[in-house]
Every structure is written in structure tokens, then in C-alpha cells.
Amino acid sequence: MNNLRHMMNPLDFSVEELETLFDLAGEIERDMPGYAHKCDGKILATCFYEPSTRTRLSFETAMLRLGGKCMGFADASNSSAAKGESVADTIRVISCFADICAMRHPKEGAPMVAASRSSIPVINAGDGGHQHPTQTLTDLLTIRSLYGKLSDFTIGLCGDLKFGRTVHSLINALSRYEGIRFIFISPKELKVPDYITEMLRQKNIPYEEVIKLEEVMPQLDFLYMTRVQKERFFNEEDYIRLRNFYILDKEKMAFAKEKMYILHPLPRVNEISVEIDDDPRAAYFKQVQYGLYVRMALILTLLGIE
Ligand code: CP
């Protein structure tokens, strides 16, 4: 029987499987040395056709902390993609060298093509404006750890909701939990795509779309800030016009609940003022730490290591 499993979309795992994954991430957090040799002899390939700091290095440190080794490329121009090699051929080659692969690609669906040709687990580390499942696992684990559960809260998603793949992945994933209310905060040019609001309508999940952050701030248990995705704009003029639309500062935070958490997938450009970093509600650097634990748990799970 072929037990090969990939992670293309957070919905690839059932809610129960995610609970098991998060429990494992929690055990890893409590006992990192206990996991130091779980991946002895294993190799992770990171194939990044798009820039990254967190995701690539988080995967690499996850594998190193599990006792495995890493190889790969951080710049497609240094790989044979520059000579015209397809993703399908590249993954067949990588399958001969590594035990598991994390792939980021600017084209939506490219990691899925890789998975269909791969003989090792492939993890989608972000594909265009589509999905970023391991950021979503990070976000879910952060919410669960800070709030104690993945249900019964109001989350505001603010900024570039059109191009932000982390937003699309997170809404999809949260749509399976009870009692979640979404507030989408964006300029009209960067609204969340229709296919997402349609999915929410079909599932009778409450959402509203607003432009002004201050208006809805008092209702939020979580505020998920995002940067305006410069690399996905068709013209620079629009980007320049929209890039400073939201800047979270002390003045706006005065409207927030005392226990509202601020999340951000990072990188930040200027949408959260650095003066907020010392606010106890700022959870975006904690989020990075949870990303390590959940990626360690995911590597173990996809490799079938107990
Ligand atoms: N959150 C995230 O995907 O960051 P990087 O682009 O630095 O990997």
C-alpha cells in the first residue's frame, strides 16, 4: 500500500488529524531534546522559486533540530529551472536525493504538479496568491495556544485580502470550526476573492466586509494584519497608492480589547508600527516560534515517524 502523503492545502488534513499534529507540536515545544534524533539519516530538500526568510529557514531548522540534514536552493536562477527544466522533472530528480521536499513557487498549483510526480512527500510552502498551508498550521497553532481553542471568536483580517495567500488558506481552514466570525478589512481594490465569500455564504458562516479598521476594532479577538503584496501587483502605481492604507499604531490600538491578539504572517513592511512590538497583545514573533514546532511535527507526520 502506498502511504505517500503531501501537504498542499490545510484541508488535506481532517480537523482530528490537525488536533493530533498540534498535540505533537505541543510535545515538541515541551521536550525539544526528546526529538533531537527522530530524523537521523533523513534529508529535507527546500526548493524555493520565490524569496523567503521564515518558511525556508523554519523548515531547515526544523529538520536540523530533528537530527536530519537539509539541501536545496533558495533562488531558482541558480537551479536548472533557469535552463527550462519543469517542476515535474525537478521533483523526480529531488526524489532520488531527499526524503521530503518543501517547495515554494510563484505559479499557483506548481507544488501540486510536483506532488503528482513525486515519490517523496511534498509540502506546499506557498504557491502564488493561492495557498500557504504551513503558515496556516502556524496560525492555527498560535491561536489554539493563546486562546485555548479554535472556536468561538471574531477575527479581523486586514490589508491585502486579494493577493494574500496566507489569508486565503487561513479562512479556508477556520471555516471548519464552530463559532468563528470573520471581519474583512480592506480597500475595495484588495477585497477577499469572491470564491471565498461564496464558500462562507454556502456554509452559513458570518462575515462582513469593511474599509475602516477603527470601526470594527472593539469587536475583535484576533487582528490578522497583512502586508500589501507588491510582487503580485500588475502596476507600481496601484501598489504605491495602496501600500500605506493601513498602519496599525498606538492610536488605533486604543480601540482594541485588552485581550485582542495581533497576528501577522510576516514579513512586515510598515503596516504595523514598531511601537506596537512591545504591546503584550503583539503575538507575531511568538507566531514564528510556533511555526517551528508545527513544521517539526509535520515533517515527522509526513515521514511516518512515531
Ligand atoms: N510568512 C512567510 O511566508 O514568510 P517568508 O516569505 O519569509 O517565508
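Computed from a prediction, not measured in an experiment: that's the story for all the values here.

## Remarks on the domain arrangement of the protein
In step 1: Domain annotation of the protein identifies domain 1 (10-131 + 291-303) and domain 2 (134-288).
In step 2: Taken together, the contact between domain 1 and domain 2 spans 31 residues of the former and 23 residues of the latter.
In step 3: For the domain 1 face of the interface with domain 2, the top three residues by lost area are Leu11, Phe22 and Arg54, together amounting to 27%.
In step 4: Along the contact surface separating domain 1 from domain 2 lie three salt bridges.
In step 5: Asp23 is paired through a salt bridge with Arg144; the nearest N and O atoms lie 3.0 Å apart.
In step 6: Taken together, the connections running from domain 1 to domain 2 amount to eleven residue pairs in polar contact (both at pLDDT 80 or more).

## Looking at the pattern of salt bridges
In step 1: What the rule picks out here adds up to twelve salt bridges.
In step 2: The shortest N-O distance in the salt bridge between Asp152 and Lys149 comes to 3.6 Å.
In step 3: Residue classification places Asp152 among the partly exposed residues on the basis of a relative accessible area of 41%.
In step 4: In this structure Lys149 comes out as partly exposed when scored by relative accessible area, which is 37%.
In step 5: Shared partners join several salt bridges into a network, and the residues in it are Glu19, Asp23 and Arg144.

## With respect to the nonpolar core
In step 1: The biggest cluster of nonpolar side chains holds 61 residues, and the ones touching the most others in it are Ile155, Leu157, Ile171 and Phe182.
In step 2: Tallying contributions element by element places helix 11 (residues 284-302) first for this core, with ten residues.
In step 3: Inspection of this core shows a minimum of three residues originating in each of domain 1 (10-131 + 291-303) and domain 2 (134-288).
In step 4: Setting aside chain neighbours within four positions, we find Ile171 in contact with Leu157, Phe182, Phe184, Val192, Ile196, Met199 and Leu200.

## Here's the deal with the layout of surface pockets
Empty pockets left among the atoms are what a rolling probe the size of a water molecule brings to light.
In step 1: For the largest pocket, the calculated volume is near 370 Å³.
In step 2: Lining of the largest pocket is provided by 21 residues; of these, Arg104, Arg165, Arg227, Leu266 and Pro267 occupy positions nearest its centre.
In step 3: For the lining of the largest pocket, the elements supplying multiple residues, two or more each, are helix 2 (54-65) and helix 6 (165-174).
In step 4: In the lining of the largest pocket, the residues fall into four nonpolar, ten polar and seven charged.
In step 5: Each of domain 1 (10-131 + 291-303) and domain 2 (134-288) contributes no fewer than three residues to the lining of the largest pocket.
In step 6: The calculated volume of the second largest pocket comes to roughly 230 Å³.
In step 7: As for the second largest pocket, its lining consists of Asn3, Arg5, Phe13, Glu17, Thr20, Leu21, Leu24, Leu300, Thr301, Leu302, Ile305 and Glu306.
In step 8: No other element matches helix 1 (residues 15-30), which puts four residues into the lining of the second largest pocket.
In step 9: Across the lining of the second largest pocket, the residue classes tally to six nonpolar, three polar and three charged.

Calculation rules
Residues numbered from 1 in each chain as written. Predicted model: local features only at pLDDT ≥ 70, side-chain atom pairs only at ≥ 80, totals over all residues. Heavy atoms only, no water. Domains from an automatic or database assignment. Contact = heavy atoms within 4.5 Å. Buried area = accessible area lost by both parts, 1.4 Å probe. Salt bridge = Lys/Arg side-chain N within 4 Å of Asp/Glu carboxyl O. Polar contact = N/O pair within 3.5 Å; in protein donor to acceptor, adjacent residues only side chain to side chain. Buried < 20%, exposed > 50% of the residue type's maximum accessible area, 1.4 Å probe, protein only. Core = buried A, V, L, I, M, F, W, Y, C linked by side-chain atoms within 4.5 Å. Helix = DSSP H or I, 4+ residues; strand = E, 2+ residues; numbered from the N terminus. 1 Å grid on protein atoms, 1.4 Å probe; cavity = no way out; pocket = protein on both sides within 12 Å on 5 of 7 lines; lining within 4 Å. Points joined across faces, edges and corners; volume = space filled by probe spheres on them. Nonpolar A, V, L, I, M, F, W, Y, C, P; charged D, E, K, R; others polar.

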